[in-house]
Amino acid sequence: MDPLPFFQWCESSLAGAAIKNSTWAFAVIESAHLLGLALIGGIVLIMNLRLLGLGLRSQPMSDLQHDLQPWFIGSLIVMISTGFAMFLSEAVKCYYSTPFWVKMSALITALIFSVTIQRRLMLAESSASSARSRKIVALISLLLWFLVGASGRWIGFSG
Amino acid sequence: MSALGFCQWLAGTSWSIELHESQYMYSLVESAHVLTLTVFVGLAALLDLRLIGVTLRRVPVEQMTKRLLPWLIGGFTVMVITGGLLFYAIPVRSFQNVFFRAKIVFLILAGINVCLFHRGIYRSVEKWRLAETPPKRARMAGVLSLMLWAAIVIAGRMIAYNWFDCDIQSAIVNWWAGCVVDSH
């Protein structure tokens, strides 16, 4: 089923139209989205650097996972709610935007990867995994999140 | 030569024009600038949150500063180079933009905050390196840093909007932005 009518409905919804017709709303929401990006990016980076044996490499992986998880979830909530608000205001443009679909696919993949394979690896004893497998997981995670960020930025350039 | 004159001269150089008019180069530089936020501002924010004592409380403070320092320096270098290129592509408008000026002021304040932290409470870090909640002055430095970097990011984003461009703003903003209105 073609989801275009749903996208059109989003854009004509009360919230979508309000953001679209406001001079400041989009810019303010986007600024919050950028602040969330900095934080969630920093968290993803610290965890993956640890898996690569860099950065906070003396800390137990499970400590980092435990301490950063609430901040990861918090910044994810900021990212998704501000991202959804921006989407509402230009949903039809998003429908026709390749970077938008790339971003959504990469985001879902990155999230599933984070809460399954990566999380399990971070919480397990370090003897349970080889340095090589930790590096591969970190590189996949970094690549996926980079794709989310880069294609996200490109939504703004296209159309 | 005045600062504005210098910007006008910059704007006339062929590389500035090429970067400004390029189809992809400007966007790529801007993307690098935005994505490096994660490396520089993201890691700096986590260091600040550790100083405030709200996350990574079991990590010794000097581990945060020393182990993350190379990444912070690397990230900051990329920010400055890409940010410099973005300015170089559009110098006159940026120079006369209120948000650009505010961003520079906040950047200087953030730099002063780092200096004061290093010359002040950080000197005695040996005494509180393991404290889950660091001393008040360290927490204050963390809060101030978070607020300043947030302001820098927001001001930086707003540069791209033309709300306060010289031709459309009030006299007071014109003055603050140093507008010479006919310089467009």
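Everything discussed here concerns the structure shown above.
Residues numbered from 1 in each chain as written. Chains lettered and ligands numbered in written order. Predicted model: local features only at pLDDT ≥ 70, side-chain atom pairs only at ≥ 80, totals over all residues. Heavy atoms only, no water.

(A) Representation of the packing of aromatic side chains. One pass over the structure, following the stated rule, counts 18 aromatic pairs over all chains. For the ring pair Phe-87 of chain A and Phe-100 of chain A, a centre distance of 5.5 Å and an interplane angle of 10° mean the geometry is stacked. Here Phe-87 of chain A, found in helix α4 (residues 61-89), pairs with Phe-100 of chain A, found in helix α6 (residues 98-123); they are 13 residues apart in sequence, far enough to count as distant. Each of the two residues, Phe-87 of chain A as well as Phe-100 of chain A, counts as buried. Judged by centre distance (6.5 Å) and plane angle (80°), the rings of Tyr-95 of chain A and Trp-101 of chain A are edge-to-face. Here Tyr-95 of chain A falls in the buried class, since its relative accessible area comes to 18%. Following the ring pairs from residue to residue traces out a cluster consisting of Phe-6, Phe-7, Trp-9, Phe-84, Phe-87, Tyr-95, Tyr-96, Phe-100 and Trp-101 of chain A. Here the guanidinium or amino end of Arg-153 of chain A rests over the ring plane of Phe-157 of chain A, the centre of that ring lying 4.0 Å away. The positively charged end of Arg-101 of chain B is found above the aromatic ring belonging to Phe-95 of chain B, 4.6 Å away from the centroid. (Phe/Tyr/Trp six-rings, centres within 6.5 Å; stacked < 30°, edge-to-face > 60°. Helix = DSSP H or I, 4+ residues; strand = E, 2+ residues; numbered from the N terminus. Buried < 20%, exposed > 50% of the residue type's maximum accessible area, 1.4 Å probe, protein only. Lys NZ or Arg CZ within 6 Å of the ring centre and 35° of its normal.)

(B) Highlighting the packing of helix α3 (residues 25-52) of chain B against helix α8 (residues 136-159) of chain B. Residue and element names in this part refer to chain B. Two numbers describe how α3 lies on α8: the axes approach to 7 Å, and their chain directions differ by 155°. As judged from the angle between their axes, α3 and α8 are roughly antiparallel. The handedness of the crossing between α3 and α8 comes out as left-handed. Across the interface between the two elements, Leu-37, Phe-40, Val-41, Ala-45, Asp-48, Leu-49, Leu-51 and Ile-52 of α3 pack against Ala-138, Arg-139, Gly-142, Val-143, Ser-145, Leu-146, Trp-149 and Val-153 of α8. Within the contact of α3 with α8, the residues separate by chemical class into 12 nonpolar, 2 polar and 2 charged. (Axes fitted to C-alpha atoms, helices over the stretch in contact; angles between N-to-C directions. Parallel < 35°, antiparallel > 145°, perpendicular 65-115°, else oblique. Left-handed = near helix turned anticlockwise from the far one by under 90°. Contact = heavy atoms within 4.5 Å. Nonpolar A, V, L, I, M, F, W, Y, C, P; charged D, E, K, R; others polar.)

(C) Quick peek at the packing of helix α3 (residues 25-51) of chain A against α8 of chain B. Axis separation between α3 of chain A and α8 of chain B bottoms out at 10 Å; the angle between their running directions is 135°. Here α3 of chain A is positioned oblique relative to α8 of chain B, judged by the angle of their axes. Our pair here, α3 of chain A against α8 of chain B, has a crossing hand that is right-handed. Counted together, Ala-27, Val-28, Glu-30, Ser-31, Leu-34 and Leu-35 of chain A of α3 of chain A and Ala-150, Val-153, Ile-154, Arg-157 and Met-158 of chain B of α8 of chain B form the full contact between these two elements. A class-by-class count of the residues in the contact of α3 of chain A with α8 of chain B yields 8 nonpolar, 1 polar and 2 charged.

(D) Examining a nonpolar patch on the surface more closely. Residue and element names in this part refer to chain B. Together, Ile-104, Val-105, Ile-108, Leu-109, Ile-112, Leu-116, Ile-172, Trp-175 and Trp-176 line one region of the surface with nonpolar side chains, adding up to about 940 Å² of accessible area. At the level of secondary structure, the elements contributing two or more residues to the nonpolar patch comprise α6 (98-119) and α9 (171-176). Looking at the nonpolar patch, the element that brings in the most residues is α6, giving 6 residues. Mapped onto the elements of the fold, Ile-112 is located in helix α6. (Patch = residues over 30% accessible without salt bridge, like charges linked within 9 Å, V, L, I, M, F, W, Y side chains within 5 Å. Areas by Shrake-Rupley, 256 points an atom, 1.4 Å probe, with all protein chains shown as cover. Salt bridge = Lys/Arg side-chain N within 4 Å of Asp/Glu carboxyl O.)

(E) Quick peek at unusual backbone geometry. Even without being glycine, Leu-56 of chain B reaches a positive phi, approximately 50°. Tracing the backbone shows Leu-56 of chain B in the loop between α3 and α4 (61-89).

(F) Structural context of the interface of chain B and chain A. Of the residues lining the interface, 36 residues belong to chain B; the matching set on chain A comes to 36 residues. Taken as a group, Arg-58, Arg-67 and Trp-163 of chain B account for 19% of the area that chain B buries against chain A, more than any other trio of residues on that side. Our count for the chain B to chain A interface comes out at 4 salt bridges. Across the pair Arg-58 of chain B and Asp-63 of chain A runs a salt bridge whose closest N-O atoms are separated by 3.3 Å. In this structure, the connection of chain B to chain A is made through 9 residue pairs in polar contact (both at pLDDT 80 or more). Residue assignment for the side of chain B that touches chain A shows that the elements contributing at least two residues are α3, α4 and α8 of chain B. The greatest single-element share of the side of chain B that touches chain A, amounting to 15 residues, is contributed by α3 of chain B. Broken down by class, the residue content of the side of chain B that touches chain A amounts to 25 nonpolar, 6 polar and 5 charged. (Buried area = accessible area lost by both parts, 1.4 Å probe. Polar contact = N/O pair within 3.5 Å; in protein donor to acceptor, adjacent residues only side chain to side chain.)

(G) Broad picture of the pattern of salt bridges. Enumeration over the complete set of coordinates arrives at 8 salt bridges over all chains. Here Glu-30 of chain A ties to Arg-157 of chain B by a salt bridge, and the two come within 2.9 Å at their closest N and O atoms. Highlighted residues: Glu-30 of chain A in helix α3 and Arg-157 of chain B in helix α8, drawn from two different chains. Both residues of the pair, Glu-30 of chain A and Arg-157 of chain B, count as buried.

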